[in-house]
Amino acid sequence: MAPFVRRVKTSSGATAVQIVEKRGGVRRIVEHVGSAHDELELAVLMQVAREALNAGQDERLDLGLGERSRPVSSARVLSTSSRILWEVLTDAYRLLGFDKLGDEAFRSLVLARIIEPTSKADTIRVLQEVGVSAPHLNTLYSALKRSRERDYRDKLATACLAHSARTTGKAALIMYDVTTLHFENADEDDLRRVGMSKEHRVDPQVQVGLLVDPGGFPLEMHLFEGNKAETTTLVPVLTAFQERHGVTDMVVVADAGMLSAGNLNALEEAGFSFIVGSRLTKAPYDLADHFERHGTYFADGQILESTRVMGTGKGARERRIVYQWSFKRHKRDDRNINLMIAKAEKIALGEVPMRKTRFLKVTGAAKELDQATIERARRLAGLKGYVTNLPTDTMSGAEIISAYHQLWQVEASFRMTKSDLRARPVFHHQHEAIEAHLSVVFAALAITRYLTNTTGKSIKKIVQTLRPLRSVIIGINNHELTAEPTITTDAREILDRLPPITTTGH
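As a starting point, this report considers the structure included with it.

Definitions and cut-offs
- Residues numbered from 1 in each chain as written.
- Predicted model: local features only at pLDDT ≥ 70, side-chain atom pairs only at ≥ 80, totals over all residues.
- Heavy atoms only, no water.
- Core = buried A, V, L, I, M, F, W, Y, C linked by side-chain atoms within 4.5 Å.
- Buried < 20%, exposed > 50% of the residue type's maximum accessible area, 1.4 Å probe, protein only.
- Helix = DSSP H or I, 4+ residues; strand = E, 2+ residues; numbered from the N terminus.
- Contact = heavy atoms within 4.5 Å.
- Pairing = 2+ DSSP bridges.
- Axes fitted to C-alpha atoms, helices over the stretch in contact; angles between N-to-C directions.
- Lys, Arg positive; Asp, Glu negative; His and termini not counted.
- Salt bridge = Lys/Arg side-chain N within 4 Å of Asp/Glu carboxyl O.
- Polar contact = N/O pair within 3.5 Å; in protein donor to acceptor, adjacent residues only side chain to side chain.
- Patch = residues over 30% accessible without salt bridge, like charges linked within 9 Å, V, L, I, M, F, W, Y side chains within 5 Å.
- Areas by Shrake-Rupley, 256 points an atom, 1.4 Å probe, with all protein chains shown as cover.
- Charge placed at Lys NZ, Arg CZ, Asp CG, Glu CD.
- Parallel < 35°, antiparallel > 145°, perpendicular 65-115°, else oblique.
- Nonpolar A, V, L, I, M, F, W, Y, C, P; charged D, E, K, R; others polar.

We now examine the nonpolar core. Counting residues in hydrophobic clusters, the biggest one holds 78 residues, and the most contacted among them are Phe98, Phe106, Val110, Ile275, Ile447, Leu451 and Leu466. A total of 13 residues in this core trace back to one element, the largest contributor, which is helix 15 (residues 431-455). Beyond its immediate stretch of four places on either side in the chain, isoleucine 447 contacts Ala92, Tyr93, Leu96, Phe98, Val110, Leu111 and Ile114. Of all hydrophobic cores here, the second largest spans 34 residues; its members include Phe224, Leu238, Phe274 and Leu383.

Right, dumping it as structure tokens:
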């Protein structure tokens, strides 16, 4: 009978692991592998025995234990690592084509930021804690310098567009928006300036313009001075995109903050189509016929179209305007109008200190509600407008609105950038160092978006689920064994949605 592995209890209460064979009805111990005093030791001894048994078929088994069987020494943990998490991240890095940079130190910076965003110096600790080889700090700073000198952002952007084309087909839409990143250092320079902050901060800041595809996957990221007007960032980003990829036949979607006749003309002259949010200041004139015929009545979801001349002189162009009325939006607008009226009434009655508010009219010392402004706001409640240069036979009004609603994907990517990847506050001071920092953030955002889009889980959930799964290398006598972690249900759900891992990543 072929040898087999046996476990038996000893008089001391330990569990002996043996390789035995049975001849003529008599069992004979071929090798005594050792005695285990806990579950870990037992698992290790069983694995040693199985490997020895498989390797020793048809020949004498020799585990390095000598002629006489002797107990195996206590198992020692030689190293542990979050191997599964690291391989998921390195595989994503490779699948996106970022490995073509050929810079492992830069990769370490990017992946460590996804695992635990921290300072460049603390990146070494993060890497060590997940059990991968950490470069020297000087090597990391050298990688940042290389990223500027070799224009890694260009290569990353090219890889990102290629991935977007592979996964979504030839992109028809790209979304654009701007956010700000602030600095803890209060000193300004030519780049870090105090400007309009969406969080009403007064710290020096820079502006970041981001292009994403309809799935929120990043295509371009650009840096601007902190006090630069948002409307002046759109054309430079699109021009860079055009020059980098030679692409013009796309529709650019941006919010109303980008709306200016000059911007729209520049986009059109560069070969881009656009859908931009329209402010409602012109709505009463655009929809004069509707208001004359139907008053303030709209059906839920009703779409109306008009045209409007935008710009002056030679820059004047007739633009298509699409409006939609929504009952849900009307309820929200009406509630906000009531809150602003209540605030204006308290100021008019002297119940709260004087401050600027929309529905308050001040004439000398007299303060009263501005009824004309309130009536106008009531008429426009529930309406949302969109400006486009696309003809109706290319995109219907409903398609224009649907495309614009994808803008939330840019905001979602910005939230990932600011929260999950902690791109701010920024501690770098020189322009070149800030650009390098953004290159790391851009690559990390692309991987984050790829993983979240593929698994349907947030990057925080992915890291929290996979990071505790530790692979353990155990030393026992002259053997080294790798004990793999038990894959939890949540981890299995994530891993099953990803392509099979093909990299070791260490």
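Let us look at the sheet that holds strand 2 (residues 15-23). Strand-to-strand pairing in sheets goes through backbone hydrogen bonds, with the strands running parallel or antiparallel. Read from one edge to the other, the open sheet built from 3 strands follows the order 1-2-3, with strand pairing classed as antiparallel. In this open sheet, the two edge strands, each paired with only one partner strand, are strand 1 (4-9) and strand 3 (26-36). Each adjacent strand pair in this sheet contributes to an overall mean axis angle of 35°, direction not counted. Alignment of strand 1 against strand 2, held across 6 bridges, turns out to be antiparallel. Note on strand 2: the bridge partner recorded for arginine 7 is valine 17.

Moving on, we get to the side chain of arginine 113. In this fold, arginine 113 is placed in helix 3 (residues 104-115). Although arginine 113 lies buried, it forms no salt bridge, and the closest oppositely charged side chain, aspartate 122, sits 9.7 Å away as judged by the N-O distance. A distance of 3.0 Å separates a polar atom in the side chain of arginine 113 from the backbone oxygen of threonine 118.

With that settled, consider the environment of alanine 254. Its location among the elements puts alanine 254 in strand 8 (residues 251-254). Residue classification places alanine 254 among the buried positions, given a relative accessible area of 0%.

We now examine a positive patch on the surface. On the surface, Lys328, Lys331, Arg332 and Arg335 cluster together to form a positively charged patch. Residue placement: lysine 331 occurs in helix 11 (residues 327-348).

Viewed as axis vectors pointing N to C, helix 2 (residues 83-95) and helix 15 meet at an angle of 105°, and their least axial separation amounts to 10 Å. One way to sum up the angle between helix 2 and helix 15 is to call them roughly perpendicular. Across the interface between the two elements, Val88, Leu89, Ala92, Tyr93 and Leu95 of helix 2 pack against Ile447, Tyr450 and Leu451 of helix 15. Across the contact of helix 2 with helix 15, the residue classes tally to 8 nonpolar, no polar and no charged.

One way to put it is that helix 7 (residues 234-245) packs onto helix 8 (residues 261-269) with a least axis distance of 10 Å and a crossing angle of 10°. Comparing the axis directions of helix 7 and helix 8 gives the class roughly parallel. In contact with Leu234, Val235 and Leu238 of helix 7, helix 8 contributes Asn263, Ala266 and Leu267.

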